[in-house]
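Residue strings, one per chain:
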Amino acid sequence: MEMQEGLLTRRSIRRYVKDKKVETRDLMEILQAGMYAPSAMNRQPWEFLVVDDEEKLNRIMQIHSYCSFLKDAGTAIVVCGNLNDQMADNYWMGDCAAATENILLAAHAKGLGTCWCGVYPTEQRMKEFSALLNLPPHVRPFSLVVIGYPESVPPQPQDRFKPAKIHHNAW
């Protein structure tokens with residue numbers, strides 16, 4: 001798949017083939033792509049937690065009401081920001097967003113489906129994820145990426161290109 005095709009055809013997937021686990025090799029390559037995201041001053045303040053334990057996945061679905069499809073996908077990646085590694089206060093969020101997007105695109109290129117479920121900035125959700133995953137105080141959960149094999153091929157993408165949203169030199 002060429003890059004432009006991947007960018008234009010990636011979609012959030014909410015239906016997965018049950019009991020079909022993501023292969024470890026694919027998962028490592030996807031995480032490697034996450035680690036190649038740009039970051040402020042190349043500080044790379046991200047940390048990644050792979051969750052595939054059924055008990056933890058069930059708890060995540062209780063904490064995060066918008067990821068019930070996690071039960072069929074069977075795997076999640078929690079992207080976290082390490083405050084000790086960020087370039088300056090609050091830069092970790094942009095860096096983690098870039099890493100999350102790289103993960104989504106790398107998974108799509110492998111024929112896997114993903115859905116980015118936000119953890120940050122919801123304080124209660126962040127607190128519960130931190131407790132569940134035993135995160136140290138200097139690590140903040142940012143996003144939950146549900147990952148698995150899509151149950152079906154998503155519909156053709158709609159045209160999202162809107163020239164009216166492009167401005168040159170000034171508004």
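The coordinates are above.
Computed from a predicted model, the values in this text were never measured in an experiment. (Residues numbered from 1 in each chain as written. Predicted model: local features only at pLDDT ≥ 70, side-chain atom pairs only at ≥ 80, totals over all residues. Heavy atoms only, no water.)

**Q** Quick question: what am I supposed to make of the pattern of salt bridges here?
**A** Side-chain pairs of opposite charge can arise whenever the charged atoms involved come near each other. Taken as a whole and judged by the stated rule, the model has 6 salt bridges. Residues Glu-151 and Arg-15 are paired through a salt bridge, measuring 3.9 Å at the closest nitrogen-oxygen approach. One end of the pair, Glu-151, is in the segment after β4 (139-148); the other, Arg-15, is in the loop between α1 (3-9) and α2 (24-35), with 136 residues separating them in the sequence. Note on Glu-151: relative accessible area 49%, which makes it partly exposed. The residue Lys-110 makes a salt bridge to Asp-26 at a minimum N-O spacing of 3.5 Å. Within this pair, whereas Lys-110 is found in the loop between α5 (92-109) and β3 (113-118), its partner Asp-26 is found in helix α2, the two being separated by 84 residues in sequence. By relative accessible area, Asp-26 is classed as buried at 18%. The network of salt bridges with common partners includes Arg-25, Asp-26, Glu-29 and Lys-110. (Salt bridge = Lys/Arg side-chain N within 4 Å of Asp/Glu carboxyl O. Helix = DSSP H or I, 4+ residues; strand = E, 2+ residues; numbered from the N terminus. Buried < 20%, exposed > 50% of the residue type's maximum accessible area, 1.4 Å probe, protein only.)

**Q** Looking at this model, I keep getting lost on the environment of Asp-89. Mind explaining?
**A** In this fold, Asp-89 is placed in the loop between β2 (75-82) and α5. Separated by 31 residues in the primary sequence, Asp-89 and Asn-58 place their C-alpha atoms 33 Å from one another.

**Q** Honestly, the packing of aromatic side chains in this entry has me stumped. Any pointers?
**A** Here the distance between the centres and the angle between the planes together describe a pair of aromatic rings. According to the stated counting rule, one finds 5 aromatic pairs in the structure shown. Between Trp-92 and Phe-142 the ring centres are 6.1 Å apart and the planes differ by 85°, which places this aromatic pair in the edge-to-face class. With Trp-92 in helix α5 and Phe-142 in strand β4, the pair connects residues that are 50 residues apart, well separated along the chain. The class for Trp-92 is buried, based on a relative accessible area of 5%. (Phe/Tyr/Trp six-rings, centres within 6.5 Å; stacked < 30°, edge-to-face > 60°.)

**Q** Explain unusual backbone geometry here, please?
**A** With glycine set apart, most residues show a phi of negative sign, and most peptide bonds adopt trans. Omega for the bond connecting Tyr-120 with Pro-121 falls within 30 degrees of zero, at 10°, which places this linkage in the cis form. In this fold, Pro-121 is placed in the loop between β3 and α6 (123-132). Even without a glycine there, the phi angle at Met-41 is positive, about 55°. Along the chain, Met-41 turns up in the loop between α2 and β1 (46-51). According to the relative accessible area criterion, Met-41 is exposed, its value standing at 66%. The backbone phi angle of Asn-169 is positive, close to 65°, even though this residue is not glycine. The exposed category is assigned to Asn-169, whose relative accessible area is 87%.

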